[in-house]
Amino acid sequence: ESGLKVISIHCYLNTIEENPKAMAEKAKSFGTDYVVITGMYRFDYSDEASVRNLAARLNKAGAALDKYGIHLLYHNHNCELQKVAFGRTAYDILVEETDTSFLNFELDTYWMADGGAVHSSLYVGWTGLPLIAHRRSQGCRCRHGISAVGSAHSFGRHGRLCLRRHFRRHAA
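Here the structure is a predicted model, which means the values were calculated and not measured.

**Student:** Can you walk me through the packing of aromatic side chains in this structure?
**Tutor:** Counted by the stated rule, this structure contains three aromatic pairs. The interplanar angle of 65° and the centroid separation of 4.7 Å between the aromatic rings of F43 and Y45 together place this pair among those described as edge-to-face. Here Y45 falls in the buried class, since its relative accessible area comes to 2%. On the numbers, 6.3 Å between centres and 70° between planes, the contact of Y74 with F105 is edge-to-face. Of this pair, Y74 sits in strand β3 (residues 71-75) while F105 sits in strand β6 (residues 103-108), and the two are 31 residues apart along the sequence.

**Student:** What am I meant to see in unusual backbone geometry here?
**Tutor:** Leave glycine aside and you will find that most residues have negative phi; peptide bonds, for their part, are mostly trans. Positive phi outside glycine occurs at R42, with the angle close to 50°. For R42, the position within the fold is in the loop between β2 (34-37) and α3 (48-66). Since its relative accessible area comes to 74%, R42 is described here as exposed.

**Student:** What is the right way to look at the pairing of β2 in this model?
**Tutor:** One face of the sheet, then the other: side chains in a regular strand alternate in exactly this way. Judged by which residues are buried, β2 turns out to be covered on both faces: Y34 and V36 on one side and V35 and I37 on the other are all buried. By the bridge criterion, four bridges tie β2 to β3 in an arrangement that is parallel. In the strand pairing of β3, Y34 is matched with H71. Crossover handedness for the path β2 to α3 to β3: right-handed.

**Student:** Sorry, what's going on with the side chain of N59 here?
**Tutor:** Structurally, the position occupied by N59 is in helix α3. Given a relative accessible area of 16%, N59 falls into the buried group. Engagement of the side chain of N59 in a polar contact is seen with the backbone oxygen of E97, the distance being 3.0 Å. With residues near it in sequence (within four places) discarded, N59 still touches E97, T98, D99 and F102.

**Student:** Explain the pattern of salt bridges to me, please; I cannot follow it from the model alone.
**Tutor:** Opposite charge on two side chains lets them pair, provided their charged atoms get close. Inspection of the entire model under this criterion finds four salt bridges. Of the charged contacts in the structure, one is a salt bridge between E48 and R52, with a shortest N-O distance of 2.5 Å. In this pair, E48 and R52 are both assigned in helix α3, four residues apart and thus about one turn of the helix distant. Given a relative accessible area of 25%, E48 falls into the partly exposed group. Given the relative accessible area of 30%, R52 is considered partly exposed.

**Student:** Even after reading the chapter, I still don't get the pairing of β3, so can you show me in this structure?
**Tutor:** Of all the five residues making up β3, four are buried; the element is thus mostly covered by neighbouring parts of the structure. Relative to β6, β3 runs parallel, the two being bridged by four bridges. Across the sheet, L72 pairs through a bridge with L103, a residue of β6.

**Student:** Would you mind showing me how to read the side chain of S8 here?
**Tutor:** Residue position: S8 is located in the segment before β1 (9-11). Judged by its relative accessible area of 16%, S8 is buried. Ignoring sequence-local partners within four residues, the contact set of S8 consists of T32, Y34, V36 and E106.

Reading the values: the criteria
- Residues numbered from 1 in each chain as written.
- Predicted model: local features only at pLDDT ≥ 70, side-chain atom pairs only at ≥ 80, totals over all residues.
- Heavy atoms only, no water.
- Phe/Tyr/Trp six-rings, centres within 6.5 Å; stacked < 30°, edge-to-face > 60°.
- Buried < 20%, exposed > 50% of the residue type's maximum accessible area, 1.4 Å probe, protein only.
- Helix = DSSP H or I, 4+ residues; strand = E, 2+ residues; numbered from the N terminus.
- Pairing = 2+ DSSP bridges.
- Right-handed = clockwise from strand over helix to strand, strands pointing away.
- Polar contact = N/O pair within 3.5 Å; in protein donor to acceptor, adjacent residues only side chain to side chain.
- Contact = heavy atoms within 4.5 Å.
- Salt bridge = Lys/Arg side-chain N within 4 Å of Asp/Glu carboxyl O.

Have a look at this one:
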């Protein structure tokens, strides 16, 4: 009736790890083939070993969902921009150590701006990422719905990113 379509559903990583088939069936019941990990609760993004382990878990969960035709995405917040080593963030490790065959990203530009990211630095080393961009207008870092990290249009100019979905949310 409204013309709205579910483009993805969100869940916790352990939900996929415990029963990937059930999560795949739930996604299909909503008419989508994208499941998004919404971040990790009480996770130490400043610990390099933990972040590397998270990347391995995401790869394994993505491979498990892939068997059912479902794609796994990771939704960032500002905490992934914590430094884990000299000049490297947790987000750098997640991008570098995840297999794009099984995991892609739902890039939340508000949280990247809030964490101090410069939009051009987000593209270094990326090939075909992110799959979905999530922009929102909130607080003083965004104006008129255009994130400080950049608009969806700016992603395409860099020639490395391919957005299949884009949505914008305004904070209430």
